[in-house]
Amino acid sequence: MSLVLGIETSCDETGVGLVRDGVLLGDALASSMDEHARFGGVVPEIAARAHLHALQPMVRHALDRAGVALSEVTAVAATAGPGLATAVQIGLAAGKAYALALGVPLYGVHHLAGHAAVDVLDHGPLPPRCVALIVSGGHTSLLLLGDLARDPIIHLGDTADDAAGEAFDKVARLLGLPYPGGPAIDRVARDGNPKAITFPRPLTRPTDPPYGFSFSGLKTAVARWVERQPGPVPVADVAASFQEAVADTLSRKAVAACRAHGIDTLLLVGGVAANSRVRALTAKRCTASGITLRVPRPALCTDNGAMIAAVGDLLVHADAASSPLDIAADPSAPLRGALLSGPGLPRR
Ligand code: KG4
Ligand code: ZN
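Residues numbered from 1 in each chain as written. Chains lettered and ligands numbered in written order. Predicted model: local features only at pLDDT ≥ 70, side-chain atom pairs only at ≥ 80, totals over all residues. Heavy atoms only, no water.

## Overview of the site of ligand 1
No. 1: For ligand 1, the set of nearby residues contains 17 residues, the closest of which are G137, D169, G182, D186 and D303.
No. 2: At 3.0 Å from an oxygen atom of ligand 1 is found a side-chain nitrogen or oxygen belonging to H111.
No. 3: G137 is positioned such that a nitrogen or oxygen atom in its backbone is 2.8 Å from an oxygen atom of ligand 1.
No. 4: A majority-of-atoms criterion places ligand 1 in the largest pocket.
No. 5: Every element with two or more residues in the shell around ligand 1 is listed here: helix 4 (111-117), helix 6 (164-174) and helix 7 (181-189).
No. 6: Here the residues of the shell around ligand 1 are counted per class, giving 4 nonpolar, 10 polar and 3 charged. (Near = heavy atom within 4 Å. Polar contact = N/O pair within 3.5 Å; in protein donor to acceptor, adjacent residues only side chain to side chain. 1 Å grid on protein atoms, 1.4 Å probe; cavity = no way out; pocket = protein on both sides within 12 Å on 5 of 7 lines; lining within 4 Å. Sits in = over half its atoms within 2 Å of the grid points. Helix = DSSP H or I, 4+ residues; strand = E, 2+ residues; numbered from the N terminus. Nonpolar A, V, L, I, M, F, W, Y, C, P; charged D, E, K, R; others polar.)

What follows is the structure in structure tokens.
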């Protein structure tokens, strides 16, 4: 029986998860978010130091919650990239140490593959093929997924500039809302009118790349609109209208990708997938097109350790070759497969 310990430290969350055969046994999460709030964004050195302090306690918490002993762990998975270099290094070094001490294999995994894999914990095995929309603070990608542990990942489109989450964070900042901006906009938008202002839907003209994204122009459009206001800014209306523009663009392109590729399952994952309007509008459009939408519960959309354990569990079950113990962190690792070096190669 396998038991995978997953470690996530790519940004400001120290996440640990324990997964056995597609089932989350226990997890724990510490965040240094409050320490970054006054800087308006994550400070890598502060995040790295917080990971160092939080890691072992989070491993203990997760083990306690799962009701298992560290000695029962049969494989370790750690985020090896992408992310903040100093932050990734802490979790990867810890993963190496646990793997070496326990005498079990180490999997250096891609953070974004973890975002996709985590839905297995909520909704069971993924179908043989699906379209995945990964929307996080650093990435916005529309992908064709086969077997996540074995097949290369095909990129249908990526963002040309800001990621969706980055746009949420920047717009929140210019509206005077706290960091992180996504949850703040989501909250404030509940009292606003999404039709109050028509912000642009970037890259949605027929001549534009159908699955490409761009959020920098939308952010600038919000900034210009706010600057032009003579009186107090109607924050709730701006937040709701901006959120609507993002949700409309993301869901429209994701559904179009499913239809064009004859795929009947859409996987919506990453921090921005926690957004209530993105979830609701995507669900509505998927239903209208006969597409099954899979989206993890909000707590598993944002960074956590369970997602890294989930991708490790898939690799173990696919009999993938483990990573060498001298694997290096890669802060800007391209997404090609679940393992950092590419799709998991079969063990001989
Ligand atoms: O996936 P994630 O936790 O970390 C990265 O891998 O980047 O995503 C973080 C991003 C942040 O930009 C945050 O503002 C955004 O996800 N986010 C949200 C919501 N919750 C988190 N954006 C919109 N609505 C939310 N409810
Ligand atoms: Zn993430």
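## Side note on the sheet that holds strand 8 (residues 154-158)
Within a sheet, neighbouring strands are paired by backbone hydrogen bonds and run either parallel or antiparallel to one another.
No. 1: The strand order 8-7-6-9-10 describes an open sheet built from 5 strands, whose pairing is mixed. Of all the strands in the sheet, the pair left with one neighbour each is strand 8 and strand 10 (292-294). Strand-to-strand twist in this sheet, taken as the mean axis angle between neighbours without regard to direction, amounts to 20°.
No. 2: When strand 7 (residues 140-145) meets strand 8, the two strands line up antiparallel, connected through 4 bridges. Each residue of the ladder has a partner; that of L144, found in strand 8, is I154.
No. 3: Each of strand 6 (130-135), strand 7, strand 8 and strand 9 (265-269) touches helix 9 (residues 235-260); the most contacted strand, strand 6, lies at about 160° to it. (Pairing = 2+ DSSP bridges. Axes fitted to C-alpha atoms, helices over the stretch in contact; angles between N-to-C directions. Contact = heavy atoms within 4.5 Å.)

## So, helix 8 (residues 216-227)
No. 1: Compared with the 16 Å implied by 1.5 Å per residue over 12 residues, the 17 Å span of helix 8 between its first and last C-alpha is a close match.
No. 2: Along helix 8, the positions that sit buried rather than exposed are L218, K219, V222, A223, W225 and V226. The buried residues of helix 8 occupy an angular sector of 165° when projected down its axis, which confines them to one face.
No. 3: Where helix 8 is buried, its residues touch helix 6 and helix 9. (Expected span 1.5 Å × (residues − 1). Buried < 20%, exposed > 50% of the residue type's maximum accessible area, 1.4 Å probe, protein only. Arc of directions from axis to C-beta.)

## Some details on the nonpolar core
No. 1: Membership of the largest hydrophobic core comes to 47 residues, with the highest contact counts inside it found for L133, F199, F242 and L250.
No. 2: Of all elements in the fold, only strand 6, strand 7, helix 6, helix 7, helix 8, helix 9, strand 9 and helix 10 (276-288) reach the threshold of two or more residues within this core.
No. 3: In terms of residue count, helix 9 provides more of this core than any other element does, 12 residues in total. (Core = buried A, V, L, I, M, F, W, Y, C linked by side-chain atoms within 4.5 Å.)

## Considerations on the environment of S71
No. 1: Position of S71 among the secondary structure elements: in the loop between helix 2 (44-66) and strand 4 (75-81).
No. 2: For the pair S71 and L3, spaced 68 residues apart in sequence, the C-alpha separation works out to 10.0 Å.

## Looking at the side chain of E13
No. 1: Positionally, E13 belongs in strand 2 (residues 13-20).
No. 2: Among all residues touching E13, those that are not within four sequence positions of it are E8, L29, A30, S31, M33, H51 and D303.

## Some remarks on the domain arrangement of the chain
No. 1: Considered domain by domain, the chain is made up of domain 1 (4-118 + 304-317) and domain 2 (128-299).
No. 2: For domain 1, the biggest contributors to the area lost against domain 2 are L112, H115 and A116; these three give 36% of the whole.
No. 3: Seen at the junction of domain 1 and domain 2, the total is 0 salt bridges.
No. 4: Where domain 1 touches domain 2, the interface holds 0 residue pairs in polar contact (both at pLDDT 80 or more).
No. 5: Broken down by secondary-structure element, the contributors of at least two residues to the side of domain 1 that touches domain 2 are helix 4 and helix 12 (306-317).
No. 6: The greatest single-element share of the side of domain 1 that touches domain 2, amounting to 5 residues, is contributed by helix 4. (Domains from an automatic or database assignment. Buried area = accessible area lost by both parts, 1.4 Å probe. Salt bridge = Lys/Arg side-chain N within 4 Å of Asp/Glu carboxyl O.)

## Digging into the packing of aromatic side chains
No. 1: Summed over all chains, the structure comprises 2 aromatic pairs.
No. 2: On the numbers, 5.1 Å between centres and 75° between planes, the contact of F168 with F242 is edge-to-face. Pair noted here: F168 is in helix 6 and F242 is in helix 9, with a separation of 74 residues, a long-range link. No difference in accessibility class separates F168 from F242, as the two residues are buried.
No. 3: Note on F213 and F215: the rings are 6.2 Å apart at their centroids and 10° apart in plane angle, and the pair reads as stacked.
No. 4: Above the face of the F213 ring, K253 is positioned so that its terminal group lies 5.7 Å from the ring centre. (Phe/Tyr/Trp six-rings, centres within 6.5 Å; stacked < 30°, edge-to-face > 60°. Lys NZ or Arg CZ within 6 Å of the ring centre and 35° of its normal.)

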